[in-house]
Amino acid sequence: MGSHSDPVSMFPLHREREQPIFSARAHVFQIDPATKRNWIPASKHAVTVSFFYDANRNVYRIISVGGTKAIINSTISPNMTFTKTSQKFGQWADSRANTVYGLGFATEQQLHQFCERFNEVKDAARMAREKSQEKMEMNNPGLSIAAPQDLCDELQSPPVMCSNGPEDKLFRSQSADITLNAEKERIKKMLSEGSICEMNLEAELFTLQDSNSKLVAALHEANANVEQWKKQLAAYQDETERLREQVADLEAHGGHGPSDMLKDELTQSLEELEALLKAKDEEIRILQAKKSDFHEMEQEREEAIHRIQELEIRNVELERRVQSAEQSLANSLEERDRIESEVQRVIEILDVKIFDLNDLRQSLVKLIDK
């Protein structure tokens, strides 16, 4: 499962016609078909996601296998787009599978490399489609292009092999076996709860990082716009005061000042500046209202971070409980081994006693015969 050639070896139908191009490790998510908003984890842990090229069909695909099941089997088309929604999370929509896939990477560099390779493969798929269409038009000029063949192959899981182990030893403690089975089931349940909690934490962390970056960018833009409008408002106010002083001087001097036409132009310019000033005041009011909304969103983000911290504390508690259960299981195994050794020792003593009794019986038989 560690190498990117596992899908080929697991599904022999792809062994001859597909070769891996690029592989990366990521957590796989799928969009919830009911809400189309929430992400559903498709893998409990990070899995290998690989680009494959089908030489016979001349198509590119993204395949990821978890266990014996293909969790991603997406054929890349030229109209697909891989979108970075945060520093470590990206997604793309597959209309054939009627779903949206999401990938969470460990580093931003891995996400960048996967995005670049996705765009390169998409361009290669576009060129391959264009060449295929040109070839078909040259070979069959009077025929229309056939519809693309369905590229989704049926993946069959390999059969599960079962073998019976050796017979259990005699004098095994049935109560110890029941206790051990109960401990194993409880540990499996706790481990699955810890894995689900960890995946929910990672998905919520990706969403919070995306929201945080958008909020910070919008807040910086709003602050910059408010400062710019304040500077322009001060300049317009100074210009308005200067024009008012000029109009007052013209009215005071009467006929000694400029002509009536100049007065009308100054009055019209003053009215336009006042209208522009009102518009800028309205824009400043709207920006201040948006700024208050950003503060509310920032408060919601802090509450979400606090909720994540509580989930992390719960995860630590679950890990501690798992360790305690593992220690209890180890103690139970040691106790069972000790009991088995005691039983074996008793069996050996009984064998010796039986042998001695057999010798005594034979001696008695000889005495009776004499």
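For clarity, every value in this text was computed on a predicted model and none was experimentally measured.

Calculation rules
- Residues numbered from 1 in each chain as written.
- Predicted model: local features only at pLDDT ≥ 70, side-chain atom pairs only at ≥ 80, totals over all residues.
- Heavy atoms only, no water.
- Core = buried A, V, L, I, M, F, W, Y, C linked by side-chain atoms within 4.5 Å.
- Buried < 20%, exposed > 50% of the residue type's maximum accessible area, 1.4 Å probe, protein only.
- Helix = DSSP H or I, 4+ residues; strand = E, 2+ residues; numbered from the N terminus.
- Contact = heavy atoms within 4.5 Å.
- Phe/Tyr/Trp six-rings, centres within 6.5 Å; stacked < 30°, edge-to-face > 60°.
- Salt bridge = Lys/Arg side-chain N within 4 Å of Asp/Glu carboxyl O.
- Patch = residues over 30% accessible without salt bridge, like charges linked within 9 Å, V, L, I, M, F, W, Y side chains within 5 Å.
- Areas by Shrake-Rupley, 256 points an atom, 1.4 Å probe, with all protein chains shown as cover.
- Pairing = 2+ DSSP bridges.
- Polar contact = N/O pair within 3.5 Å; in protein donor to acceptor, adjacent residues only side chain to side chain.

Colleague: Help me understand the nonpolar core in this model?
Modeller: Generally speaking, nonpolar side chains in soluble globular proteins are found buried as a group. Core analysis: the largest hydrophobic core is formed by 24 residues, its most contacted members being Phe51, Ile62, Ile72, Trp92, Leu103, Phe114 and Phe118. Counting residues per element, the ones that place at least two in this core are strand 1 (18-31), strand 3 (47-54), strand 4 (59-66), strand 5 (69-75), strand 8 (99-104) and helix 2 (108-139). Ranked by residues supplied to this core, first place goes to helix 2 with six residues. Sequence-distant contacts of Phe118, defined by excluding residues within four places in its chain, comprise Phe51, Ile62, Met80, Thr81, Phe82 and Trp92.

Colleague: Explain the packing of aromatic side chains here, please?
Modeller: Any pair of aromatic rings gets described here by the distance separating the centres and the angle formed by the planes. Tallied over the entire structure, the rule returns 12 aromatic pairs. Measuring from ring centre to ring centre gives 5.0 Å for Phe51 and Phe114, while their planes differ by 40°; the resulting arrangement is tilted. Residue Phe51 is located in strand 3, and its partner Phe114 is located in helix 2; the two are separated by 63 residues in the primary sequence. An identical accessibility class is assigned to Phe51 and Phe114; each is buried. Relative to Phe114, the ring of Phe82 has its centre 5.3 Å away and its plane inclined at 55°; by these criteria the two rings are tilted. With Phe82 in the loop between strand 5 and strand 6 (83-84) and Phe114 in helix 2, the pair connects residues that are 32 residues apart, well separated along the chain. Of the residues examined, Phe114 reaches a relative accessible area of 0% and is grouped as buried. Members of the aromatic cluster, each reached through a chain of ring pairs, are Phe22, Phe51, Phe82, Trp92, Tyr101, Phe105, Phe114 and Phe118.

Colleague: Looking at this structure, I do not really get the pattern of salt bridges. What am I missing?
Modeller: Between side chains of opposite charge, a pair can form as their charged atoms come close. Counted by the stated rule, this structure contains 12 salt bridges. We note a salt bridge from Glu283 to Lys280, for which the minimum N-O separation is 4.0 Å. Of the two residues, Glu283 and Lys280 both sit in helix 4 (residues 260-369), three residues apart, roughly one turn of that helix. Several salt bridges converge on common partners, so that one network encompasses Glu241, Arg244 and Glu274.

Colleague: Explain a nonpolar patch on the surface to me, please; I cannot follow it from the model alone.
Modeller: Taken together, Leu357, Leu360, Leu364 and Leu367 make up a surface patch of nonpolar side chains, about 420 Å² in accessible area. Among the structural elements, Leu357 can be located in helix 4.

Colleague: Explain the pairing of strand 8 here, please?
Modeller: Regular strands place their side chains on alternate faces of the sheet. Taken across its six residues, strand 8 has five buried, putting it largely inside the fold. In this structure, strand 7 (residues 89-94) lies alongside strand 8, joined through six bridges in antiparallel fashion. Along strand 8, the bridge assignment pairs Ala93 with Val100. If you look at the hairpin formed by strand 7 and strand 8, you'll find four residues sitting between the two strands, and Asn98 has a positive phi there, around 55°.

Colleague: Would you take a moment to explain the side chain of Thr48 for this structure?
Modeller: Counting through the fold element by element, Thr48 comes out in strand 3. Residue classification places Thr48 among the buried residues on the basis of a relative accessible area of 11%. Only 3.1 Å separates the side chain of Thr48 from the side chain of Arg25, close enough to count as a polar contact.

Colleague: Looking at this model, I keep getting lost on the pairing of strand 7. Mind explaining?
Modeller: By the bridge criterion, two bridges tie strand 6 to strand 7 in an arrangement that is antiparallel. For Lys84, the partnering residue across the bridge sits in strand 7 and is Gly90. The hairpin formed by strand 6 and strand 7 contains four residues between the paired strands.

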